[in-house]
Amino acid sequence: MVDLLLAQSAFPEAMGQGVLAHYLFVSAAMFTLGLVGFLTRRNLIIMFLCTEMMFQAAGLALVAFSRYHLNYDGQTFVIFVLTVAAAEAALALALVVFLFRKRDSLSAEAWSELKG
């Protein structure tokens, strides 16, 4: 009984700064790849996927900081962000399909005249 109580009192185990640094490095790398992909590619679907990669990188950083501080607020916020991202993905893909039907192209250059 005493062993069970001791095991539960140590859960969750504290995460070290080295582990946090690894998570943040992966998060920064994912965000950078997403940003580079978004700025260099002209295909609307690829640009959309790069945006999603940046979203996931931010979520990973939030979860890592949440776990490091043993606070669940970041994880709760990530669940909220994922829900919003799912709705945003549905709208974005519907918009891409609509744009493809209008011009038969997924290039962002084809829609540059909408800049104003």
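Residues numbered from 1 in each chain as written. Predicted model: local features only at pLDDT ≥ 70, side-chain atom pairs only at ≥ 80, totals over all residues. Heavy atoms only, no water.

## Thoughts on the overall build of the chain
This is how the line gets drawn: Numbering goes from the N terminus for both helices and strands, where a helix is a DSSP run of H or I of at least four residues and a strand is a run of E of at least two. Buried residues are those whose accessible area, probed at 1.4 Å on protein chains only, stays under 20% of the maximum for their type, while exposed residues exceed 50% and partly exposed ones sit between those limits. Here, residues are in contact when the closest pair of their heavy atoms is within 4.5 Å. Areas reported here follow the Shrake-Rupley algorithm with a probe of radius 1.4 Å; residue values treat only the protein chains shown as occluding.
When its secondary structure is counted, the chain shows 4 helices and 0 strands. Considering the chain as a whole, with its 116 residues, one finds that 23% of them fall into the buried category. In the chain, of all internal contacts separated by at least 6 residues, the share reaching a separation of at least 24 is 60%. Surface accessibility of the chain: about 8,400 Å² in total, with carbon and sulfur atoms responsible for 71%.

## What about the packing of helix α2 (residues 17–40) against helix α3 (residues 44–68)?
Definition in use: Only the stretch in contact is used when fitting a helix axis, every axis being a line fitted to C-alpha atoms; angles between N-to-C directions are given from 0 to 180 degrees. In what follows, roughly perpendicular refers to angles from 65 to 115 degrees, roughly parallel to angles under 35, roughly antiparallel to angles over 145, and oblique to any angle outside these ranges. The hand of a helix crossing depends on one turn: near helix anticlockwise from the far one by less than a right angle means left-handed, and clockwise means right-handed. Side-chain classes follow a simple rule in which Ala, Val, Leu, Ile, Met, Phe, Trp, Tyr, Cys and Pro form the nonpolar group, Asp, Glu, Lys and Arg form the charged group, and the remainder, Gly included, forms the polar group.
Remark: α2 packs on α3, axes separated minimally by 8 Å, with the N-to-C direction vectors making an angle of 165 degrees. The pairing of α2 with α3 is recorded here as roughly antiparallel in orientation. Note on packing geometry: the crossing formed by α2 with α3 is left-handed. Its residues placed into classes, the contact of α2 with α3 shows 20 nonpolar, 6 polar and no charged.

## Brief notes about unusual backbone geometry
We note that L70 has phi near 55 degrees; this positive angle belongs to a residue other than glycine. With relative accessibility at 43%, the residue L70 sits in the partly exposed group. Even without being a glycine, D104 presents a positive backbone phi close to 55 degrees. When you line up the elements, D104 lands in the segment after α4 (73–103). Since its relative accessible area comes to 60%, D104 is described here as exposed.

## A look at the nonpolar core
For clarity, the cut-off: Think of a nonpolar core as a cluster: buried Ala, Val, Leu, Ile, Met, Phe, Trp, Tyr and Cys residues, connected wherever their side-chain atoms sit within 4.5 Å.
L44, M47, V96, L99, L106, A108 and W111 form the largest nonpolar core, which has 7 residues in total. When residues of this core are traced back to their parent elements, those giving at least two are α3 and α4.

## A look at empty space enclosed by the protein
Inclusion rule: A cavity here means a set of points on a 1 Å grid, drawn over the protein atoms and nothing else, where a 1.4 Å probe fits but cannot get out; a pocket is an open set with protein on both sides within 12 Å along at least five of seven lines, and a residue lines either one if it has an atom within 4 Å of a point. Grid points are joined across faces, edges and corners, and a volume is the space filled by probe spheres set on the points.
A complete count under the given rule lists 1 cavity of 30 Å³ or more for this structure. Considered as a void within the structure, the largest cavity measures approximately 40 Å³ in volume. Lining the largest cavity are P12, S66, R67, L70, N71, Y72 and Q75.

## A word on α2
Our working definition: By definition here, a helix of n residues has an expected span of 1.5 Å times n minus one.
Given a rise of 1.5 Å per residue, 24 residues ought to cover 34 Å, and the 34 Å separating the end C-alpha atoms of α2 matches this to within 8%. For α2, the full list of buried residues reads L20, S27, G34 and G37. Contacts made by the buried residues of α2 are with α3.

## A closer look at the confidence of the model for the chain
Put simply, the test is: A residue's pLDDT is the predictor's confidence in that residue, given on a scale from 0 to 100.
With 88% of its residues at a pLDDT of 70 or more, the chain has an overall mean of 86. Looking across the chain, the model is least confident in helix α1 (residues 2–9), with a mean pLDDT of 52, and most confident in α2, with 95.

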